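Single-letter residue listing:
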Amino acid sequence: KQFEVCNLPVRCAKFVTRKQWIVTASDDMTLRAFNYNTLEKVHEMEAHTDYIRYLAVHGSMPHILSCSDDMTIKLWEWEKWTCVQVFEGHAHYVMMCQWNPKDTTIFASCSLDRSLKVWGATGGNSAAHFTLTGHQRGVNCVEYAAGGEKPYLISGSDDRTVRIWDYQTKHCIQTLSGHTNNVSAALFHPTLPIILTGSEDGTVRIWHQATYRMEATLNYFLERVWSLAVLKGSTTAAIGYDEGTVAIKLGSEEPVVSMHSGKVIFAKGNEILTTNLKLLDEDTVPGDGERLPLAIREMGSAEIFPQCISHHPNGRLFAVCGDSEFVIYTAQALRNKSFGSAVEFVWGFSGAYATRDGAGKITIFQDFKESFSFKPPFAVDAIFGGRLLAVCGSDFICFYDWTEYRLIRRIDVVPKLVIWSEDGNNVVLATPDSFYILKHDKDAVTAAVVGNAAIDEDGIDAAFELVSEVTDKVQSGTWVGDCFVYVSQAQRLISLVAGSQETIAHLDRPQYLLGYMPDQSKLYLIDREHNVTSWPLHLALVEYQSAIMRKDFTASERHFANVPESLHNRVARFLENQSYTAEALAISKDDDHRFELATQLGRLQMAADIITSMSEQAAATAAAVPPRAKWKSLGDVALEQGDIQLACRCFVEANDIGSLFLLQTSCGDAVELAKTAIMARDSGISNVACVCFLLLGDTKSALQVLIQAKRLPEAAFFARSYCPSELAEVVNLWKADLAQVNQAVADSLADPTKYPDLFPGWELALAAEKTFRTRIEHSPPVAGAYLAEKKWLSMDVLDEVRKLTPEEFNATILRGAPTEALQEAAAAPAAAAATA
């Protein structure tokens, strides 16, 4: 959406979400409010005597602050749009004002008079509480620390510096230098421990809140930076330039969290929080995928800003890494066990750990003492823990031994995640577009090391074996026995056993796997807001599937005994995918699935019994639909296998008129064809019904089908050809119908009873009809007489009657052959009959 405010520059616009407004300040010295849904102007008033620089909307009260080049700040009450108070004291343009998030009756302002002032909005005092000075030139921006947790203000100035102020001590505690032009915007990020500053030099600089060290410089070459905006609870930031707007994401949105044996530890800012999933009351636990009511306990504040948290393999310790440092704490209480410098920190399977510094040096610690260190002969991008130490380069990943600097294997992929199974036999390498499942052969590695086998630059070839490659994007994952469970980028929770995928759930928001609780048979996930949800995954089911994949059927039977009956359908689907169709049929409880399996196995009678049972259930439930599609499917299979009787039954149940017509005409079954004709007529399928009656020789019924279908012209011509005795009635019906459209055309139709001279051979046709009807009724032709009967198809009936008297024609027809055909049929050799 867009709308025009005025024909002069708009310097500031703010949302008033409670009223669904956008309030604007422009160079015509006017405040305007617009409804951002309808874009309708709600209010307009002249607010200052010079350009308005900035607006600040109060978080809870109906108040707006405006500051102007007229050197004043005004407090507005937007319910009645009245000016509550005017604040004077600055000696130059007032560039910005901001409400204090901690004490919402206090606000700060900055001015080109090089000062910052802090004011009170209550008590009627229009003078500033105090003034902060220190900038050498005009101050363009001011902002409070996010959430009011620290008593800090930040300001940016035309002297190209950014200053951090403690408004309690009224001192400048830090000056940030680096910009090469006027600083136009500065703020504290509400979620991350960073400060963002923007300047007319076209750059945005990112500074660390604790060390005040410059971490990064962003330049999108869109000329000067004028504004910055961030959203609480999000890592997104927006930058306003001369030439456009840029929205960026800072850091990762994945929660900083770790779980071990049900104990969850996570970070909110510097605060470390914990909860225990084992203590959940089973009676109050909501359904699958619902947020769990957690009892969260504060452990304390970390000495560094946590960017990563990970548990020791035994769960008694956990490590926090961030700000290029790591600290190892005890899990019961936040007691420091060890610390040091590290860009990355990972645990080994035995409790050893490794760190990586900024120069790429990797150090391995055993029992909290440095064991050895090395610097790989390539640039290190990341390290991963687990059974082996994984070091990722730009084009490959190398796996090293934890006990000494020994290359185990180099693999030419660049994963973003390395996820080991608990026993160390399987590992997933997740790349941005797909993931690889590898089997790790620990015995082969041990044999190669003990035997001093020659190891080339790619390591031990037998160390890993590729099991499968899956084209899906893994966001997070964990192993449950031999089953890999992961959340895809499409927010599907998927289990994967030996290449067989099954979707456990479709997630309604981005969530990340915490882990699996075998005693509860539940997977736990967490979202960005640290809401925890659970989904069931029965351990016995996973073990059963793994045993089937290993073809260990004895173990599979043992595990199946522990699988709840509610999961038998999932087991059946799994067995079907593994081509164990008969076993799947024996286990499945789902009638639809059992029908499919029985059909695949060729057990057609069982499939028919299943559909019969489903039909009875459908009849008991008025809203249910009879399973006609399944009858049709079974009928097709039965027809393919030559079971004509079952096929006919299926097509009748399915009301499949076309298939019944094909089947009965092919078999020459006149009795069943007559039933099909009636079904087609009652179902309104007039074309099939008409052909059926015609094949049966029942011309009057065929004619009635055409009449019922309102196909009166066709009915008239049909009657003229096959049953002239009915023509008069049909003509009268046709005339009555046509008279509703055009009476003159209706009158032009002739009735043979009134105008017999217009119908040559009319009497002969009536006599012939009577003869043929008598023959059909008393001695219908059989299929075995086809060679003789087919000659009748080309016979001109009226010519044949004219050659003979009607009585002679009648005698000839009732004898069973046309006059010219009698001698030919008698003289035909026996071989011709055999050929027929």
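Caption draft 1: Highlighting the overall build of the protein. Broken down by element type, the protein carries 22 helices and 50 strands. In terms of overall dimensions, the protein is more spread out than a globule: its C-alpha atoms have a radius of gyration of 44 Å, far above the 28 Å expected for 836 residues. Across its three principal axes, the protein shows a C-alpha extent of roughly 135 × 85 × 55 Å. Of all intrachain contacts in the protein linking residues separated by at least 6 positions in sequence, the fraction that spans at least 24 positions is 39%. For the protein, the computed accessible surface area is about 41,100 Å², with 50% contributed by carbon and sulfur atoms. For the protein, the distance from the average position of its 75 positive side-chain charges to the average position of its 103 negative side-chain charges is 4 Å.

Caption draft 2: View of helix H6 (residues 591–601). For H6, the full list of buried residues reads Asp-591, His-593, Phe-595, Leu-597, Ala-598 and Thr-599. Residues of H6 that are buried in the fold lie against helix H4 (568–577), helix H5 (581–587), helix H7 (604–620) and helix H8 (628–640). A positive backbone phi angle near 80° is found at Gly-602, which sits one or two residues after H6.

Caption draft 3: The arrangement of empty space enclosed by the protein in detail. Going through the model one piece at a time under the given rule, you end up with one cavity of 30 Å³ or more. Lining the largest cavity are Leu-277, Leu-280, Glu-282, Val-285, Leu-292, Gln-520, Lys-522, Tyr-524 and Ser-534. Here the residues of the lining of the largest cavity are counted per class, giving five nonpolar, two polar and two charged.

Caption draft 4: Structural view of the layout of surface pockets. Reported here for the second largest pocket is a volume of approximately 1,700 Å³. In this structure, the second largest pocket is lined by 38 residues; those nearest its centre are Leu-694, Leu-695, Gly-697, Ile-776 and Pro-781. Among the secondary structure elements, those contributing two or more residues to the lining of the second largest pocket are helix H10 (657–667), helix H11 (670–682), helix H12 (686–695), helix H13 (699–708), helix H14 (712–722), helix H17 (762–778), helix H18 (786–789) and helix H19 (797–803). Per-element tally for the lining of the second largest pocket: the top contributor is H17, with eight residues. Partitioned by chemical class, the residues of the lining of the second largest pocket number 22 nonpolar, six polar and ten charged.

Caption draft 5: Structural context of the packing of aromatic side chains. One pass over the structure, following the stated rule, counts 34 aromatic pairs. Summarising the aromatic geometry, the rings of Tyr-544 and Phe-560 are spaced 5.5 Å apart at their centres and angled 50° between planes, so their arrangement reads as tilted. Of this pair, Tyr-544 sits in helix H2 (residues 539–549) while Phe-560 sits in helix H3 (residues 553–560), and the two are 16 residues apart along the sequence. Judged by its relative accessible area of 5%, Tyr-544 is buried. Within the aromatic cluster, the residues linked to one another by ring pairs are Phe-326, Phe-345, Trp-347, Tyr-353, Phe-365 and Phe-368.

Caption draft 6: Expanded view of the packing of H6 against H8. Packing of H6 against H8 brings their axes to within 11 Å, and their N-to-C directions diverge by 10°. Considering their axes alone, H6 and H8 lie roughly parallel with respect to each other. Along the contact surface, H6 presents Asp-592, Phe-595 and Thr-599, while H8 presents Lys-630, Ser-633, Leu-634 and Val-637. Residue composition of the contact of H6 with H8, by class: three nonpolar, two polar and two charged.

Caption draft 7: Looking closely at the packing of H10 against H11. One way to put it is that H10 packs onto H11 with a least axis distance of 9 Å and a crossing angle of 160°. Judged on the interaxial angle alone, H11 and H10 are roughly antiparallel. Pair H10 / H11 crosses with left-handed handedness. Contact residues: Ile-657, Leu-660, Phe-661, Gln-664 and Thr-665 in H10; Glu-672, Leu-673, Thr-676, Met-679 and Ala-680 in H11. Partitioned by chemical class, the residues of the contact of H10 with H11 number six nonpolar, three polar and one charged.

Caption draft 8: Just the sheet that holds strand S31 (residues 336–341), in detail. The four strands lie next to each other as S28-S29-S30-S31, forming an open sheet whose pairing is antiparallel. Of all the strands in the sheet, just strand S28 (308–311) and S31 have a single pairing partner and so form its edges. Between one strand axis and the next, the sheet turns through 15° on average, direction left out of account. Strand direction decides the pairing type here: strand S29 (residues 317–322) and strand S30 (residues 325–330), joined by six bridges, are antiparallel. Each residue of the ladder has a partner; that of Cys-321, found in S30, is Phe-326.

Caption draft 9: Representation of the nonpolar core within the structure. Ranked by size, the top nonpolar core spans 56 residues in total, and within it Phe-107 and Leu-153 carry the most contacts. Among the elements that take part in this core, strand S9 (residues 94–99) stands out by supplying five residues, more than any other. Listed in part, the 35 residues of the second largest apolar core include Leu-567, Ile-610, Ile-611 and Trp-631.

Caption draft 10: Examining the pairing of strand S10 (residues 106–111) more closely. Most of S10 sits out of view: six of its six residues are buried. Neither face of S10 is open: one carries Ile-106, Ala-108 and Cys-110, the other Phe-107, Ser-109 and Ser-111, and all of them are buried. Relative to S10, S9 runs antiparallel, the two sharing five bridges. What sits directly across from Trp-99, in S10, is Phe-107. Hairpin connection from S9 to S10: six residues lie between these consecutive antiparallel strands. Bridge count for S10 against strand S11 (residues 115–120) is five bridges, and the pairing is antiparallel. Residue pairing across strands places Cys-110 opposite Leu-116, the latter belonging to S11. Adjacent in sequence and paired antiparallel, S10 and S11 are bridged by three residues, among which Arg-114 carries a positive phi angle near 75°.

Caption draft 11: Examining unusual backbone geometry more closely. Despite not being glycine, Met-71 shows a phi value in the positive range, around 70°. Structurally, Met-71 is set in the loop between strand S6 (63–68) and strand S7 (72–77). In this model, Asp-323 sits at a positive phi of 55°, which is unusual for a non-glycine residue. Mapped onto the fold, Asp-323 is located in the loop between S29 and S30. On the basis of relative accessibility, which here comes to 22%, the residue Asp-323 falls in the partly exposed class.

Caption draft 12: Inspection of the environment of Gly-156 at higher detail. Its location among the elements puts Gly-156 in strand S14 (residues 152–157). Taking the C-alpha atoms as reference points, Gly-156 and Ala-390, separated by 234 residues in sequence, lie 44 Å from one another. When near neighbours in sequence (up to four residues on either side) are disregarded, Gly-156 contacts Val-139, Asn-140, Cys-141, Thr-161 and Val-183.

Caption draft 13: Highlighting the sheet that holds strand S26 (residues 271–276). Read across the sheet, four strands follow the order S24-S25-S26-S27 without closing on themselves; strand pairing throughout is antiparallel. In the strand order of this sheet, the two ends are held by strand S24 (257–260) and strand S27 (297–301), each with one partner. Neighbour to neighbour, the strand axes of the sheet diverge by 20° on average, direction disregarded. The sheet contact formed by S26 and S27 spans four bridges and is antiparallel.

Caption draft 14: Fine view of helix H15 (residues 727–739). Its 13 residues give H15 an end-to-end C-alpha distance of 18 Å, which sits within 8% of 18 Å, the value for a rise of 1.5 Å per residue. If you check which residues of H15 are buried, you get Leu-727, Ala-728, Val-730, Val-731 and Trp-734. Down the axis of H15, the smallest arc covering the buried residues is 160°, so these residues share one side. Those residues of H15 hidden inside the fold are in contact with H13, H14 and H17.

Caption draft 15: Structural detail: the environment of Ile-164. Turning to its location among the elements, Ile-164 is positioned in strand S15 (residues 161–166). For the pair Ile-164 and Leu-176, spaced twelve residues apart in the sequence, the C-alpha separation amounts to 8.1 Å. Among all residues touching Ile-164, those that are not within four sequence positions of it are Tyr-152, Leu-153, Ile-154, His-171, Cys-172, Ile-173, Gln-174, Phe-188, Ile-195 and Tyr-212.

What counts and how
Residues numbered from 1 in each chain as written. Predicted model: local features only at pLDDT ≥ 70, side-chain atom pairs only at ≥ 80, totals over all residues. Heavy atoms only, no water. Helix = DSSP H or I, 4+ residues; strand = E, 2+ residues; numbered from the N terminus. Rg over C-alpha atoms; globule rule 2.2 N^0.38 Å. Contact = heavy atoms within 4.5 Å. Areas by Shrake-Rupley, 256 points an atom, 1.4 Å probe, with all protein chains shown as cover. Lys, Arg positive; Asp, Glu negative; His and termini not counted. Charge placed at Lys NZ, Arg CZ, Asp CG, Glu CD. Buried < 20%, exposed > 50% of the residue type's maximum accessible area, 1.4 Å probe, protein only. 1 Å grid on protein atoms, 1.4 Å probe; cavity = no way out; pocket = protein on both sides within 12 Å on 5 of 7 lines; lining within 4 Å. Points joined across faces, edges and corners; volume = space filled by probe spheres on them. Nonpolar A, V, L, I, M, F, W, Y, C, P; charged D, E, K, R; others polar. Phe/Tyr/Trp six-rings, centres within 6.5 Å; stacked < 30°, edge-to-face > 60°. Axes fitted to C-alpha atoms, helices over the stretch in contact; angles between N-to-C directions. Parallel < 35°, antiparallel > 145°, perpendicular 65-115°, else oblique. Left-handed = near helix turned anticlockwise from the far one by under 90°. Pairing = 2+ DSSP bridges. Core = buried A, V, L, I, M, F, W, Y, C linked by side-chain atoms within 4.5 Å. Expected span 1.5 Å × (residues − 1). Arc of directions from axis to C-beta.

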